[in-house]
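# Structural description and commentary
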Amino acid sequence: MATRIGIIYCERIQDASCVGCAKCYKSVNENTFAFEDQGDVRVVFKCGCGDCPGLVIPRVDLQMTVLDSLNVGVDLLYFGTCVQKATKLMNCPMNVEGVTTVLEEKFGVPVHMGTHDY
Ligand code: SF4
Ligand code: SF4
């Protein structure tokens, strides 16, 4: 069975629905970087961080509710490389460590940072 992943992106870096940045799709489809050696990987949702200061949790909660109603599970969550860049380069105000802990405890899935290295 494919590994089902959700990706959280930076509202300030990506274009609407990531149309301006196809890198996550490329990395999933080519099974590279974060998804390397994970075998079959499917993106089951992408959602924005909610803009600064990063009100991520209610947005992921809503995604999970919708996915649950569709009988679609999630195995892993990723912050996109855009969030990684925002935290390193843009003084991102999100409490990434705190959000990660809450997401992992609330939804019972591991959360990773970064989706591709290009
Ligand atoms: S790094 Fe991924 S999630 Fe972020 S803008 Fe690019 S494609 Fe979207
Ligand atoms: S909180 Fe961080 S990840 Fe979200 S829009 Fe602001 S800079 Fe980007």
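Structure first, text after, so check above.
Every chain is numbered on its own, with residues counted from 1 as its sequence reads. Chain labels run from A onward and ligand labels from 1 onward, assigned in the order the entries are written. Restriction of local features to residues with pLDDT of at least 70 applies here, the model being predicted, together with a cutoff of 80 or more for giving and counting side-chain atom pairs; totals for whole chains, interfaces and linings are based on all residues.

### Some details on the overall build of the chain
Counting its regular elements, the chain contains 4 helices and 4 strands. A run of H or I in DSSP becomes a helix once it reaches four residues, and a run of E becomes a strand once it reaches two; helices and strands are each numbered from the N terminus. Along the chain direction, N to C, the helices and strands of the chain fall in the order β-α-β-α-β-α-α-β. Dimensions along the principal axes, computed over C-alpha positions, put the chain at roughly 40 × 30 × 25 Å. Exposure classification rests on a simple neighbour count of other C-beta atoms within 10 Å of a residue's own: a residue reaching 20 or more is buried, one at 12 or fewer is exposed, and one in between is partly exposed. C-beta atoms are placed from the backbone. Within the span of the chain, comprising 118 residues, buried residues form 27% of the whole. A pair of residues counts as a contact when their C-beta atoms, built from backbone coordinates, are separated by no more than 7 Å. Across the chain, the fraction of contacts at a sequence separation of at least 24, relative to all contacts at a separation of at least 6, is 78%.

### Things to note about the site of ligand 1
All residues are tested the same way: a C-beta atom is placed from the backbone, and lying within 6 Å of a molecule or strand makes the residue near it. Taken together, 12 residues form the shell around ligand 1, and within it Gln-14, Cys-21, Cys-24, Gly-80 and Cys-82 come nearest. For the shell around ligand 1, the elements supplying multiple residues, two or more each, are strand S1 (3-9), helix H1 (23-29) and helix H3 (81-89). Three categories are distinguished: nonpolar for Ala, Val, Leu, Ile, Met, Phe, Trp, Tyr, Cys and Pro, charged for Asp, Glu, Lys and Arg, and polar for the others, with Gly belonging to the last. Taken together, the residues of the shell around ligand 1 sort by class into 7 nonpolar, 4 polar and 1 charged.

### As for unusual backbone geometry
The step from Cys-52 to Pro-53 runs through a cis peptide bond, and the omega angle for that step is 10 degrees. Inspection of the secondary structure assignment puts Pro-53 in the loop between strand S2 (41-48) and helix H2 (56-69). Notably, Asp-37 is not glycine yet its phi reads approximately 65 degrees, a positive angle. Considering the arrangement of structural elements, one finds Asp-37 in the loop between H1 and S2. Using a count of 6 C-beta atoms within 10 Å as the deciding quantity, one classes Asp-37 as exposed.

### Things to note about the nonpolar core
Counting residues in each nonpolar core, the largest one holds 23 residues, and the members touching the most others are Ile-7, Ile-8, Tyr-9, Cys-10, Cys-49, Tyr-78 and Val-83. Put simply, the parts of the chain that give this core at least two residues each are S1, H1, H2, strand S3 (76-79), H3 and helix H4 (96-107). With 4 residues, S1 is the single largest residue contributor to this core. Each residue touching Cys-10, except ones within four places of it in the same chain, is listed here: Cys-49, Gly-80, Cys-82, Val-83 and Ala-86. Any set of buried Ala, Val, Leu, Ile, Met, Phe, Trp, Tyr and Cys residues joined through C-beta atoms within 7 Å is what this text calls a nonpolar core.

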